[in-house]
Amino acid sequence: MKSARQIASDVQSGVTTAAAEVAASLESIRARNDELNVFLFVDDAGALEAARRVDERVARGENAGALAGVPIGFKDNLCQLGVPTTAGSRILKGWLPPYNATVIDRVLAAGAVPMGKTNMDEFAMGSSTETSAYGPTRNPLDPSRVPGGSSGGSAAAVAAEMTPLALGSDTGGSIRQPAALCGLVGLKPTYGLVSRYGLIAFSSSLDQIGPLAKNVADAALLLEVIAGHDPLDSTSLPEPAPELLSHLDDGVAGKRIGLVRELVEGAEDEVVAAVHRAAQALRDAGATIVELSVPEFRLGLSAYYLIAPAEASSNLARYDGVRYGLRVDAEDVAAMNEATRTLGFGAEVKRRIMLGTYALSAGYYDAYYGQALKVRTQMIDAFRRAYQEVDLLLGATTPTVAFKFGAKTSNPMAMYLSDVYTIPTNLAGDAAISVPFGRGESDLPVGVQLLGPGRSEAQLVAAARVLELADGHS
Ligand code: GLN
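Here the structure is a predicted model, which is why all the values come from computation and not from measurement. (Residues numbered from 1 in each chain as written. Predicted model: local features only at pLDDT ≥ 70, side-chain atom pairs only at ≥ 80, totals over all residues. Heavy atoms only, no water.)

Visitor: What should I look at first to understand the site of the ligand in this one?
Guide: Near the ligand you find 15 residues, and of these Gly172, Ser174, Tyr304, Arg352 and Asp419 are the closest. With respect to the ligand, the side chain of Arg352 contributes an N or O atom lying 2.7 Å from an oxygen atom. In isolation the ligand has 290 Å² of accessible area, and contact with the protein removes 100% of it. Residues belonging to the shell around the ligand are distributed by class as follows: five nonpolar, seven polar and three charged. (Near = heavy atom within 4 Å. Polar contact = N/O pair within 3.5 Å; in protein donor to acceptor, adjacent residues only side chain to side chain. Areas by Shrake-Rupley, 256 points an atom, 1.4 Å probe, with all protein chains shown as cover. Nonpolar A, V, L, I, M, F, W, Y, C, P; charged D, E, K, R; others polar.)

Structure (structure tokens):
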């Protein structure tokens, strides 16, 4: 499949048309969507209309945008005007958003072609896309295995070459982990860099939207388009989008990169081996690798599973059977609320709501939620100290390669551990990227993670590019 950059340049120069690119994308969606369950909604009409507009602009000699004619998939927690948006939940079945998320407006303005909404763990709670109310998504590289989650549909869309680009969201690892399991590049931007206006909220102090792509340049391109201040999101940083593509070939010469013990401990041998090979590749490119220990990272999972459910229990209170989607009628309002939420939410979402409500309840607030906030502060301090010594950190993205369906569904702790290396970045509000590096069991991809301080996206992209080249990509 051509890269997004190549498609945009070919569409602009008339080598191909947006209509032809859309036709090819629709054909690959039709070929495998029944088998893989990637798209919950295929936006044929929207795609054809957007392609027609792009082709008209090109015909008029206008600049059709940085993503001219590039097919893109949207995680189903991104609101798109008039397009079914469920967040993978039965409770939002049939709901049509009355507006576009800012990221959707921005990619459309840049000429991208919306192909539809991708499957996800319900309300982004999960690491395998198995909690979706609409059935799991299969990993295109091995359909007996999960694609990761919660942005599993977005990752599978790109891995199956249905679209060269997709948008995901990352609250504790949901872009980077599926990217790792599907052999893709996934970037979790600095908190506030990308507007969340129109993102269905899970945990508002952690959620960020970001790109999934086949290569580092395409991920950088998409992030350049979606980043930058948005007055509609009060947490949006008051600055323009960073320049990333111009830093793609900056390399890592002279950089100090910390290989973090806690970001590989407990990983499968092949994952550990990939991280060590990545360290060597960065060293060969002129970086100094420093072995580091950041013991605070071990506390990330515990703090996350108090903070994220606490915020979720509050964010999900709005699904009451009155304002959105599903309603189960009953004799009075309270009974209607209860019946709607009982039927509308799946087991994992209910587990999180109960955990979060408990952590916030009078008498337990200080012991649980308050304590988790203190751990979060320690985490932020630990990162700050690490970044006084090194420019970036290196570790695994996730402890294992793509696992089989059902392997972790009966044990929530085992599932939660999928994100043990990705969660610290979310708690700190920093940036990190997962890049494929080599292969493991059954020839499945292994992801390596590079972490940086807030606003370090240009450095992360440059370092990831070094690894991509060392891994044999052009
Ligand atoms: N797997 C983690 C969870 O279930 C992270 C999900 C995410 O980043 N949205 O909460």
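That shown, we press on.
Visitor: How should I be thinking about unusual backbone geometry in this particular structure?
Guide: Only a minority of non-glycine residues have a phi that is not negative, and only a minority of peptide bonds are not trans. Ser150 follows Gly149 through a cis peptide bond whose omega is 10°. Summarising the element assignment, Ser150 is placed in the loop between strand E3 (113-118) and helix H5 (152-159). The phi torsion at Ala124 lies on the positive side, around 70°, for a residue other than glycine. Along the polypeptide, Ala124 turns up in the loop between E3 and H5. (Helix = DSSP H or I, 4+ residues; strand = E, 2+ residues; numbered from the N terminus.)

Visitor: Looking at this model, I keep getting lost on the sheet that holds strand E9 (residues 392-396). Mind explaining?
Guide: What holds strands together in a sheet is hydrogen bonding between their backbones, with the strands either parallel or antiparallel. Sheet architecture is open: eleven strands sit in the order E1-E3-E2-E4-E6-E5-E10-E11-E9-E7-E8, paired in mixed fashion. Of all strands in the sheet, those bounded by a partner on one side alone are strand E1 (39-42) and strand E8 (288-292). Neighbour-to-neighbour, the strand axes of the sheet open up by a mean angle of 30°, direction not taken into account. Bridging between strand E2 (residues 71-75) and strand E4 (residues 165-170) involves three bridges; their strand directions are parallel. In the strand pairing of E4, Gly73 is matched with Ala166. Together, E2, E3, E4 and strand E6 (208-213) form the strand contacts of helix H4 (residues 102-109), whose direction differs from that of E2 by roughly 180°. Its contacts with the sheet put helix H15 (residues 457-470) on strand E5 (185-188), E9, strand E10 (431-439) and strand E11 (445-452), and the angle it makes with E10 is roughly 0°. (Pairing = 2+ DSSP bridges. Axes fitted to C-alpha atoms, helices over the stretch in contact; angles between N-to-C directions. Contact = heavy atoms within 4.5 Å.)

Visitor: It is not clear to me how the pattern of salt bridges should be interpreted in this structure. Could you clarify?
Guide: Two side chains that carry opposite charge are able to pair once their charged atoms sit near each other. By the definition in use, this model includes 24 salt bridges. With a shortest N-O distance of 3.0 Å, Arg52 and Glu49 are connected by a salt bridge. Taken together, the positions of Arg52 and Glu49, both in helix H3 (residues 44-59) and three residues apart, correspond to about one turn of that helix. Note on Glu49: relative accessible area 33%, which makes it partly exposed. Where Glu348 meets Arg351, a salt bridge forms, and the shortest distance between an N and an O atom there is 2.3 Å. (Salt bridge = Lys/Arg side-chain N within 4 Å of Asp/Glu carboxyl O. Buried < 20%, exposed > 50% of the residue type's maximum accessible area, 1.4 Å probe, protein only.)

Visitor: Looking at this structure, I do not really get the packing of helix H9 (residues 300-315) against helix H11 (residues 347-360). What am I missing?
Guide: Between two packed helices, what matters for the description is the angle formed by their axes and the separation of those axes. Contact geometry for H9 and H11: axes closest at 7 Å, N-to-C directions at 100°. The pairing of H9 with H11 is recorded here as roughly perpendicular in orientation. In this structure, H9 contributes Tyr305, Leu306, Pro309, Ala310 and Ser313 to the contact, and H11 contributes Arg352, Ile353, Leu355, Gly356, Thr357, Ala359 and Leu360. Considering only residue class, the contact of H9 with H11 consists of eight nonpolar, three polar and one charged. (Parallel < 35°, antiparallel > 145°, perpendicular 65-115°, else oblique.)

Visitor: What am I meant to see in helix H12 (residues 366-389) here?
Guide: One full turn of an α-helix is made of 3.6 residues, so residues set three or four places apart face in the same direction. In this model H12 runs 34 Å from its N-terminal to its C-terminal C-alpha over 24 residues, within 8% of the 34 Å that 1.5 Å per residue would give. Next to the buried residues of H12 lie E8, H9, H11, E9, helix H14 (423-428) and E11. (Expected span 1.5 Å × (residues − 1).)

Visitor: I would appreciate a short explanation of the packing of aromatic side chains in the present structure.
Guide: Two aromatic rings, taken as a pair, are described by how far apart their centres are and by the angle between their planes. Considering all chains together, one arrives at 14 aromatic pairs under this definition. Ring centres of Tyr305 and Tyr416 lie 3.9 Å apart, and the angle between their planes is 10°; on these two criteria the pair is classed as stacked. With Tyr305 in helix H9 and Tyr416 in helix H13 (residues 412-416), this pair connects stretches of sequence that are 111 residues apart. Judged by relative accessible area, Tyr305 falls into the buried class, the value being 10%. Overall, Tyr416 belongs to the buried group, its relative accessible area being 7%. These aromatic residues form a ring-pair network of at least three members: Trp95, Phe123, Tyr319, Tyr324 and Phe345. (Phe/Tyr/Trp six-rings, centres within 6.5 Å; stacked < 30°, edge-to-face > 60°.)

Visitor: Looking at this model, I keep getting lost on the side chain of Thr118. Mind explaining?
Guide: Along the chain, Thr118 turns up in strand E3. A polar atom in the side chain of Thr118 sits 2.8 Å from the side chain of Ser154.

Visitor: Which parts of the structure should I look at to understand H11?
Guide: The terminal C-alpha atoms of H11, which comprises 14 residues, lie 20 Å apart, in line with the 20 Å expected from a rise of 1.5 Å per residue. Every buried residue belonging to H11 is among Glu348, Val349, Arg352, Ile353, Gly356 and Ala359, and all of these are buried. Down the axis of H11, the buried side of the element spans an arc of 135°, and every buried residue falls inside it. Turned more than 90 degrees from where H11 packs its buried face, Ala347 and Met354 sit exposed. Buried residues along H11 sit in contact with H9, helix H10 (333-344), H12 and H13. (Arc of directions from axis to C-beta.)

Visitor: Help me out: how do you make sense of the environment of Asp329 in this one?
Guide: Mapped onto the fold, Asp329 is located in the loop between H9 and H10. Under the relative-accessibility criterion, Asp329 is labelled exposed at 65%. Residues Asp329 and Arg60 lie 269 residues apart in sequence; the distance between their C-alpha atoms is 54 Å.

Visitor: Even after reading the chapter, I still don't get the environment of Gly300, so can you show me in this structure?
Guide: Looking at where Gly300 falls in the secondary structure, it is placed in helix H9. Among the residues examined, Gly300 registers a relative accessible area of 0% and is labelled buried. C-alpha of Gly300 to C-alpha of Val375: the two residues are 75 residues apart in sequence and 7.8 Å apart in space. Contacts of Gly300, omitting those with residues within four sequence positions, involve Met379, Ile423 and Leu427.

Geometric values such as these leave the question of function open.
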